[in-house]
Amino acid sequence: MVNKKKVIVVGAGVAGLASAIRLQHAGYQVEIFEKESMPGGKMHRIEKDGYKFDLGPSIVMMPELYQEIFELAGRDPDDYIPMAKLDPMYSVFFGSEPEDAYEISSDLVDLMKTLEDISDKDAEGFLKYLQKIYERFIVAKNHFIQRPFRHASDFYNPFMIRQALKLKTFDNADHFIGKYVKNERLKQMISFQTLYIGVSPYNGPSLYTIIPMIELLYGVWFIKGGMYTMAQSMERLFLELGGNVHYNASVQEILIENQKALGIKVNDKNICSDYVLCNADFPYAMKNLVKDTKSKGKYTDKKIDSMKYSCSCFIMYLGMDRKYESLKTIHNFVFSEGLEKNLTDIFDGRILDDPSFYVYLGSKLDPSLAPEGKDGIYILVPVSDLSTSEYEWNDETISYYRSKVFESLKKVEGLENIENEIVSESYMTPPDFESKLHAYNGACFGLRPNLAQSNHLRPQSKAKKCENLYFTGSSTHPGAGVPIVLLSAKIATEELILDDRGSKQTIYSGNN
């Protein structure tokens, strides 16, 4: 019998689980070491007083990428992650009057009615925006987000430079949309989604307006049981394939000798392997797990500290003593009057006067997520990461943001008494993301995907200065967001297999 080569995966986050499944399926002996007691990383679950909340990600886009990992192993995704398409996808609130609220559908007929109610001219401009961004999406999909940049020449060659110029990355998202859409509210409705990957539409590359385009053209979905079902189901599949997971196993170090990874150290014990694939946040891993100076390459501690980070989040998990029928959709966005100032303040490190935020009610679609007759409400406020923030996080800060959120929510019909209807309450703050999830600087989405930290300039899956060591997750290429992180797992495993066997598996075509 041929001895299988052993791969250790550090961390059972989304990309770690997806990588482990791919490698186990490809014939390797894979073991995951995870410091928490459950799978998922940021796709964790918080359970309290009978209420169940997704810890972090909650919006399912590009469902075929979620399903692909199960199809790869010959499974029916519906047996693991049953999902339903949402229509409307979400609601947007700009104020307290009925005309200040909009429901956004991915059905073009319904969407056009909403847009024409705002203005015919803007509806026409919106269709032009869709066409322009779709052209760039195809280029990005085919030439950038599904491939590694192992060598500088993989990017710096005539063909790739021509493709890069088609992406027109030097514009910001707000200005790009403003060429086609003049109504300020409509502009905000189709630019705020850059926050899904931790950048502002006012200074993030215009390419990231592909995110609302993906929502509008391909829809938003809900997985029964919430996003944590995906983490649980990937763990289940990995175990079915014969993999091993070690929980409560915090990795202290990636063992390296002569710039070659040989395994890991856990609980002061050395565990050997042929390859190491690290799903811990790249900046954290480079600073804390890769101790060999030569193997760090250019990612010295000083370099890691000087890099730009995405925003962080303050998340409230509220168990309520009633259902909220007045909220029609499970995803809701509440915008402040001065959205531009709000977002500028986040990336300048200031405390927010009038925060915009996101409200999620998974129990509206899946009553098993809350006690009978009750709802759980998840509220996410984008805030500064710890390296940018000019203020400290303490009980006073939590109380401040909590009161600001309720001040805004009380203006929404049916939520006038929300503060008095809470029976259970817990939070995640930027320091929690840093200490509990090793998100460097508490930046939930990892390294900021600005031009200097994207594509070939972003950390790649194959370590440049260390053999047999690979990285995956939101701080590596191609970036943050669950679908993109699933692609990062695919790239990382293909790079490992390429080095081991000299062969490349089929790259995802995205045509389904």
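These lines cover the structure that appears in this document, whether it is placed above or below. Every chain is numbered independently, its residues counted from 1 as its sequence is written. Given that the model is predicted, a residue must reach a pLDDT of at least 70 before its local features are reported, and side-chain atom pairs must reach 80 or more before they are shown or counted; all residues, however, enter totals for whole chains, interfaces and linings. Heavy atoms throughout the structure, all of them, feed into the side-chain values; hydrogens and water do not.

### Brief notes about the overall build of the protein chain
Definition in use: Numbered from the N terminus, helices here are DSSP runs of H or I no shorter than four residues, and strands are runs of E no shorter than two. Burial classification: accessible surface area is computed with a 1.4 Å probe over protein chains only, and a residue below 20% of its type maximum counts as buried, one above 50% as exposed, and the rest as partly exposed. Note on definitions: a residue-residue contact is assigned when non-hydrogen atoms from the two residues lie within 4.5 Å. In this description, accessible areas are obtained by the Shrake-Rupley approach with a 1.4 Å probe, and a residue is regarded as covered only by the protein chains that are shown. Note that His is not counted, nor are the chain ends; the positive residues are Lys and Arg, and the negative ones are Asp and Glu. In plain terms, the charge of a residue is placed at NZ if it is Lys, CZ if Arg, CG if Asp and CD if Glu.
Of the regular secondary structure elements, the protein chain holds 16 helices and 19 strands. If one aligns the C-alpha atoms of the protein chain with their principal axes, the spans along those axes are about 70 × 55 × 45 Å. Taking all 512 residues of the protein chain together, 62% fall into the buried category. Contacts spanning at least 24 positions in sequence make up 71% of the contacts within the protein chain whose residues lie at least 6 apart. Surface summary for the protein chain: the accessible area is close to 20,300 Å², and the carbon and sulfur share equals 49%. Each charge class in the protein chain can be summarised by its mean position, and for the 59 positive and 69 negative side chains these summaries are 8 Å apart.

### Considering the environment of G226
Within the secondary structure, G226 is located in the loop between strand 8 (221–223) and helix 9 (228–240). Distance from G226 to E97, taken between C-alpha atoms, is 31 Å for residues 129 residues apart in sequence. Residue contacts for G226: discarding those within four places in its chain leaves D54, Y360 and L369.

### Remarks on a negative patch on the surface
Selection criterion: Nonpolar side chains (Val, Leu, Ile, Met, Phe, Trp, Tyr) are joined into patches within 5 Å and like charges within 9 Å, using only residues with over 30% relative accessible area and no salt bridge. When a carboxyl oxygen of Asp or Glu is within 4 Å of a side-chain nitrogen of Lys or Arg, the pair counts as a salt bridge.
A contiguous patch of negative charge, built from E71, D76, D78 and D79, is present on the exposed surface. One can find E71 in helix 2 (residues 63–72). The exposure class assigned to E71 is partly exposed, which follows from its relative accessible area of 41%.

### Focus: the sheet that holds strand 12 (residues 269–272)
The line we're drawing: Two strands are counted as paired when DSSP detects at least two bridges linking them. Under this scheme, a helix contributes an axis fitted over its contacting stretch, all axes are lines through C-alpha atoms, and angles between N-to-C directions fall in the 0 to 180 degree range.
Strand order in the open sheet made by the three strands is 10-11-12, with antiparallel pairing throughout. For this open sheet the edge positions go to strand 10 (251–256) and strand 12, each flanked by a neighbour on one side alone. On average, adjacent strands in this sheet sit at an angle of 30 degrees to one another, irrespective of strand direction. Two strands pair when backbone bridges link them, and strand 11 (residues 261–266) and strand 12 are joined in this way by four bridges, in the antiparallel orientation. Bridge pairing in strand 12 places K265 opposite N270.

### A short note on the environment of N203
Here N203 shows up in the loop between helix 7 (184–189) and helix 8 (210–218). You can call N203 partly exposed: its relative accessible area is 48%.

### Some words on helix 2
The buried count for helix 2 comes to eight of ten residues, which makes it a mostly enclosed element. Listed in full, the buried residues belonging to helix 2 are P63, E64, L65, Y66, Q67, E68, I69 and F70. Tucked into the core, helix 2 has its buried residues touching helix 1 (14–25), strand 5 (83–85), strand 8, helix 9 and helix 16 (482–501). Just beyond helix 2, the residue with positive phi is G74, at close to 75 degrees.

### So, the nonpolar core
Rule in force here: The nonpolar core is taken to be a set of buried Ala, Val, Leu, Ile, Met, Phe, Trp, Tyr and Cys residues, with the residues joined through side-chain atoms within 4.5 Å.
Judged by nonpolar contacts, the single largest core of 145 residues is most densely connected at Y66, Y129, M230, M234, I379 and L409. The dominant element in this core, judged by the number of residues it contributes, is helix 16, at nine residues. Excluding its chain neighbours within four sequence positions, the residues that come into contact with Y129 are F176, I177, Y180, I190, T209, P212 and M213. Core analysis: the second largest hydrophobic core is formed by 31 residues, A261, I271, F282 and M307 among them.

### Details of unusual backbone geometry
Residue P88 is reached from D87 by a cis peptide bond, and omega for that bond is 0 degrees. Structurally, P88 can be placed in the loop between strand 5 and strand 6 (90–93). In this structure, P478 follows H477 across a cis peptide bond, with omega equal to 10 degrees. Inspection of the secondary structure puts P478 in the loop between strand 19 (469–471) and helix 16. Even without being a glycine, M62 presents a positive backbone phi close to 50 degrees. Residue placement: M62 occurs in the loop between strand 4 (51–54) and helix 2.

### Let's talk about the pattern of salt bridges
With the rule as written, the count across this model stands at 27 salt bridges. A salt bridge links D100 to R185, with the nearest nitrogen and oxygen atoms 3.0 Å apart. With a gap of 85 residues between them, D100 in the loop between strand 6 and strand 7 (101–104) and R185 in helix 7 connect regions that are remote in the sequence. When its relative accessible area of 12% is taken as the criterion, D100 is described as buried.

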